[in-house]
Amino acid sequence: MKNQEKKQKNKKYIINRKIIRQMRKVIETAFIASVVCFMGFITAEANTNIDISTTKTVDKQIKEGISFTKVSSTKTGTKIKWNTSKKYKGYVIYRSINNGKFKEVDIVSKKQYTDVDIETGESYRYQIKPFYYKKNKRIYEKRSVASDSYLAKPYGVDNVHVVTFKDHKYVSWDLNELASGYKILRKKDNEGWKEIVTLAKNTDAYEDYNIVMTGKYQYRVAAIENVDGQDYISVYSTSVNVGDLKGIDVSYHNGKIDWKKVRKAGISFAMIRMGYGTSKGGIIDSCLDYNYKNARKNGIKVGFYLYSYADNVREARNEAKFTYRMLKKYNKLDFPMAFDFENPYRNKMKYKKSNTKIITTYCNYLEKKGFDTSVYSYMDFFHKAVDYKKVSKYGIWLARWTNSTKNFNDGNIPNVQMWQYSAKGKVSGIKTAVDLNLNIVQ
């Protein structure tokens, strides 16, 4: 008790000495204003106490050597960054929600942390406790001062892709399960970003027809989340243009295809079987309509092929007429109409002249009607049973299975535009093995 009284007396003595020194300065300056200045001194004393407290906080921050440099939103959560005046082995992250108690949430080794466990509209603050090791023992230093309060935004969207069709842009993204809607911005050439549309929840694509095809466009997509009647907007994700590189070819043999999954698997185009030829024309593939509509609906470019059974020019012409009737119905194609001519029994040198005539008859008929064509077959067939120099003018879709996209070899066949490199592909959304293709000319 006596020691405590002694400390208190010493403390009062120190404070009194400070007061006396400051009063002397006031008296020396102006005796007339001594009373006023004395009152000002009392206020100054209070302010001095605040300044001392602030100084201690700053000193503490400097001593600990940690300062927050950035708190921001990302697609996956709230990201914090900080600097240190010396090296540490790791950092303990503490978090306060809506000015509540700070609680430990994670330990990291780098000077940044993304808080993925957030709720939109909630307010968050963070503290950092650094540590190092001494004799294999973890030594903690004091926590940093708290970061500024930050209001959490919604999670963003992933995989914003753009596919360019002849008359529009197809913009797609991964659904955000928490989103109540989406905002889309568009930028043309060097112009600024402009909001073009707000879409409802459970929407993962937008078709933009209000464009000039010679323009260069970019898109940004943000998620909207409504919390207690208030809309919050996530950070925007910028689009990536998807080329026409990776494709498949399909028919009813592949069953019912989930084209949304196919798109998300990175497939950008599909060659769909229109049907197969007969002596009188052709038979429609039973999955043609479904595949055509759903591939296009999901932003996948489309081409058709007809499997030919033609044995002569007359049958080839009938197959071409059948194809023409179908193309008038399904007229939005992104690739030339492919004539699939590959019957093994016609892979003989004695049929080379007649095979070439069958192909040119079919293709010329459609070319005169205004449709581009191409010819599909495998390399040995082209080399042995067709005058490929005569038919290559239409464009060649070459089957050469290497099961890899490496080491492309056209076998000296001119104008190869598409390469079927595998018949054993696996693509999400397709239950069977599927043919895989590369678009050589883009």
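Located above this text is the structure these notes cover.
Before going into details, it helps to say that this report is about the structure given with it. (Residues numbered from 1 in each chain as written. Predicted model: local features only at pLDDT ≥ 70, side-chain atom pairs only at ≥ 80, totals over all residues. Heavy atoms only, no water.)

1. Regarding the overall build of the chain
Right, on to step 1. In terms of helices and strands, the chain carries eight helices and 26 strands.
Right, on to step 2. Here the chain, with 442 residues, has 42% of them falling under the buried criterion.
Right, on to step 3. Total accessible area computed for the chain in this model is approximately 25,100 Å², and 50% of it derives from carbon and sulfur atoms. (Helix = DSSP H or I, 4+ residues; strand = E, 2+ residues; numbered from the N terminus. Buried < 20%, exposed > 50% of the residue type's maximum accessible area, 1.4 Å probe, protein only. Areas by Shrake-Rupley, 256 points an atom, 1.4 Å probe, with all protein chains shown as cover.)

2. Side note on the environment of Asn-294
Right, on to step 1. With respect to the helices, strands and loops of the structure, Asn-294 is situated in helix α4 (residues 288-297).
Right, on to step 2. Measuring from C-alpha to C-alpha, the distance between Asn-294 and Asp-258 comes to 8.4 Å, with 36 residues separating the pair along the chain.
Right, on to step 3. For Asn-294, the side chain forms a polar contact with the main-chain oxygen of Tyr-290, separated by 2.9 Å. (Polar contact = N/O pair within 3.5 Å; in protein donor to acceptor, adjacent residues only side chain to side chain.)

3. Overview of α4
Note: α-helices contain 3.6 residues per turn, so residues at a spacing of three or four share the same orientation.
Right, on to step 1. Among all positions in α4, only Leu-288, Asn-291, Tyr-292, Ala-295 and Arg-296 are buried. Looking straight down α4, one finds that the buried residues subtend no more than 110° of arc, so they occupy a single side.
Right, on to step 2. Once α4 finishes, Gly-299 follows within two positions and takes phi at roughly 75°, a positive value. (Arc of directions from axis to C-beta.)

4. Notes on the packing of aromatic side chains
Centre distance and the angle of the planes are the two values used to describe a pair of aromatic rings.
Right, on to step 1. In this structure the tally under the stated criterion is 21 aromatic pairs.
Right, on to step 2. With a centroid separation of 5.6 Å and 55° between ring planes, the pair formed by Trp-173 and Tyr-182 is classed as tilted.
Right, on to step 3. Since its relative accessible area comes to 0%, Trp-173 is described here as buried.
Right, on to step 4. For Tyr-182, a relative accessible area of 0% corresponds to the buried category.
Right, on to step 5. Pairing Tyr-376 with Trp-397 gives two aromatic rings, centres 4.7 Å apart and planes at 70°, and the pair type is edge-to-face. (Phe/Tyr/Trp six-rings, centres within 6.5 Å; stacked < 30°, edge-to-face > 60°.)

5. Concerning the nonpolar core
Right, on to step 1. Membership of the largest hydrophobic core comes to 52 residues, with the highest contact counts inside it found for Ile-248, Trp-259, Val-262, Phe-304 and Phe-382.
Right, on to step 2. Sequence-distant contacts of Phe-304, defined by excluding residues within four places in its chain, comprise Met-271, Ile-272, Met-274, Leu-288, Tyr-292, Leu-327, Tyr-330, Leu-333, Pro-336, Met-337 and Ala-338.
Right, on to step 3. Residues Val-162, Trp-173, Val-197 and Ala-223 belong to the second largest nonpolar core, which totals 15 residues. (Core = buried A, V, L, I, M, F, W, Y, C linked by side-chain atoms within 4.5 Å. Contact = heavy atoms within 4.5 Å.)

6. Quick look at the pairing of strand β20 (residues 281-284)
Right, on to step 1. Across four bridges, strand β19 (residues 269-278) lies against β20 in antiparallel orientation. Each bridged residue has a counterpart across the sheet, and for Tyr-276 the counterpart in β20 is Ile-283. (Pairing = 2+ DSSP bridges.)

7. Observations regarding the pairing of strand β25 (residues 416-425)
Right, on to step 1. In terms of burial, β25 is largely enclosed, as seven of its 10 residues are buried.
Right, on to step 2. Both strand β24 (residues 396-399) and β25 contribute to a ladder of four bridges, which runs parallel. Pairing of Trp-397 across the sheet is with Met-418, part of β25.
Right, on to step 3. Here β25 pairs with strand β26 (residues 434-439) via five bridges, running antiparallel. In the strand pairing of β26, Gln-420 is matched with Asn-437.

8. Things to note about unusual backbone geometry
Right, on to step 1. At Asn-136, a position not held by glycine, the phi torsion is positive, near 65°.
Right, on to step 2. Along the chain, Asn-136 falls in the loop between β6 (123-134) and β7 (137-140).
Right, on to step 3. Residue Asn-136 is classed as exposed on the basis of its relative accessible area of 80%.

9. Observations regarding the packing of helix α5 (residues 313-329) against helix α6 (residues 352-368)
Right, on to step 1. One can describe the packing of α5 onto α6 by two numbers: an axis separation of 8 Å at closest approach and a directional angle of 30°. Accordingly, the angle class assigned to the pair α5 and α6 is roughly parallel. Seen from above, α5 lies across α6 with right-handed handedness. Each of Val-313, Ala-316, Arg-317, Glu-319, Ala-320, Lys-321, Thr-323, Tyr-324 and Leu-327 in α5 lies in contact with α6, whose residues at this interface are Lys-357, Ile-358, Thr-361, Tyr-362, Tyr-365 and Leu-366.
Right, on to step 2. A breakdown of the residues in the contact of α5 with α6 according to their chemical character gives nine nonpolar, two polar and four charged. (Axes fitted to C-alpha atoms, helices over the stretch in contact; angles between N-to-C directions. Parallel < 35°, antiparallel > 145°, perpendicular 65-115°, else oblique. Left-handed = near helix turned anticlockwise from the far one by under 90°. Nonpolar A, V, L, I, M, F, W, Y, C, P; charged D, E, K, R; others polar.)

10. Description of α5
Right, on to step 1. Taking 1.5 Å of rise per residue, 17 residues should cover 24 Å, and α5 covers 25 Å from first to last C-alpha, within 8% of that figure.
Right, on to step 2. Of the positions making up α5, those classed as buried are Glu-315, Ala-316, Asn-318, Glu-319, Ala-320, Phe-322, Thr-323, Met-326 and Leu-327.
Right, on to step 3. For α5, the secondary structure elements touched by its buried residues are β19, β20, α4, β21 (301-307), β22 (337-340) and α6.
Right, on to step 4. Looking at where α5 begins, the residue whose side-chain oxygen comes 3.2 Å from the main-chain nitrogen of Arg-314 is Asn-312. (Expected span 1.5 Å × (residues − 1).)

11. Some points on the sheet that holds strand β17 (residues 240-241)
Right, on to step 1. In spatial order, the strands read β13-β10-β9-β17; together these four strands make up an open sheet with mixed pairing. Each edge of the open sheet carries a strand with a single partner, namely β13 (205-208) and β17.

12. A few points about the sheet that holds strand β1 (residues 66-73)
Right, on to step 1. Strand order in the open sheet formed by three strands is β1-β2-β5, and the pairing between neighbours is antiparallel. Looking at which strands have only one partner, the edges of the open sheet turn out to be β1 and β5 (112-115). Neighbour-to-neighbour, the strand axes of the sheet open up by a mean angle of 20°, direction not taken into account.
Right, on to step 2. In terms of strand pairing, strand β2 (residues 78-84) meets β5 through four bridges, oriented antiparallel. Each bridged residue has a counterpart across the sheet, and for Lys-79 the counterpart in β5 is Thr-114.

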